[in-house]
Amino acid sequence: DEKQCLTDICDFYGPANLTSGVESKCVFQGQEIKRYTNQPFLTVLSPNGNENWEIGSTKIISWKTTGIDNTSYAVHIALWNSAKEASQVSVICTSCPTGSDGGTYNWTIPNTVSVGTYTIRAFITAFNAVSPTMDFSDTSFSIVYRHSAD
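The structure presented is a predicted model; accordingly, all values stated were derived computationally and were not measured.

### With respect to the nonpolar core
Okay, step 1: Formed by 23 residues in total, the largest nonpolar core has its most connected members in I61, I77, L79, I92, W107, I120 and I143.
Okay, step 2: Only β3 (41-46), β5 (58-66), β6 (74-81), β7 (88-97), β9 (116-124) and β11 (141-144) provide two or more residues apiece to this core.
Okay, step 3: Setting aside chain neighbours within four positions, we find I120 in contact with V44, P47, I61, I77, A78, L79, I92, D135, F136, S137 and F141.

Quick look at the structure:
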């Protein structure tokens, strides 16, 4: 009905520049309107658990995005400790560029980061860390001292 269609229009024009699965179509004031239901997603791909990253080395943090068709979105990446009451340790990148399929960031691990176990938290900045546009590494990874060459 037209009342439901008006609600759908508001839902459709929620966050701008999103693509998603079409659930149904309806007609509102003589115009066909598609009803969209899926939200965008972000998934951390690397590090995703059990890696050993050395202080001073450069590693690739990567993520996958779905449901966005605008490359002007950015991703916020932070390092979190993996203790029981996890908290943010440092910000790695506040506005890493991302594409419709995801992105990567080359992170040189600074010597100011302590040896320990961590997770990566990433989110699409336009959505303010709301799930499912935010993700953590599946399990913790380790930051270790750099091995010296013999």
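### Observations regarding the sheet that holds β5
Okay, step 1: Strand order in the open sheet formed by 3 strands is β3-β5-β8, and the pairing between neighbours is antiparallel. Of all the strands in the sheet, just β3 and β8 (102-108) have a single pairing partner and so form its edges. Pairwise comparison of adjacent strand axes, ignoring direction, gives a mean angle of 25° for this sheet.

Definitions and cut-offs
- Residues numbered from 1 in each chain as written.
- Predicted model: local features only at pLDDT ≥ 70, side-chain atom pairs only at ≥ 80, totals over all residues.
- Heavy atoms only, no water.
- Core = buried A, V, L, I, M, F, W, Y, C linked by side-chain atoms within 4.5 Å.
- Buried < 20%, exposed > 50% of the residue type's maximum accessible area, 1.4 Å probe, protein only.
- Helix = DSSP H or I, 4+ residues; strand = E, 2+ residues; numbered from the N terminus.
- Contact = heavy atoms within 4.5 Å.
- Pairing = 2+ DSSP bridges.
- Axes fitted to C-alpha atoms, helices over the stretch in contact; angles between N-to-C directions.

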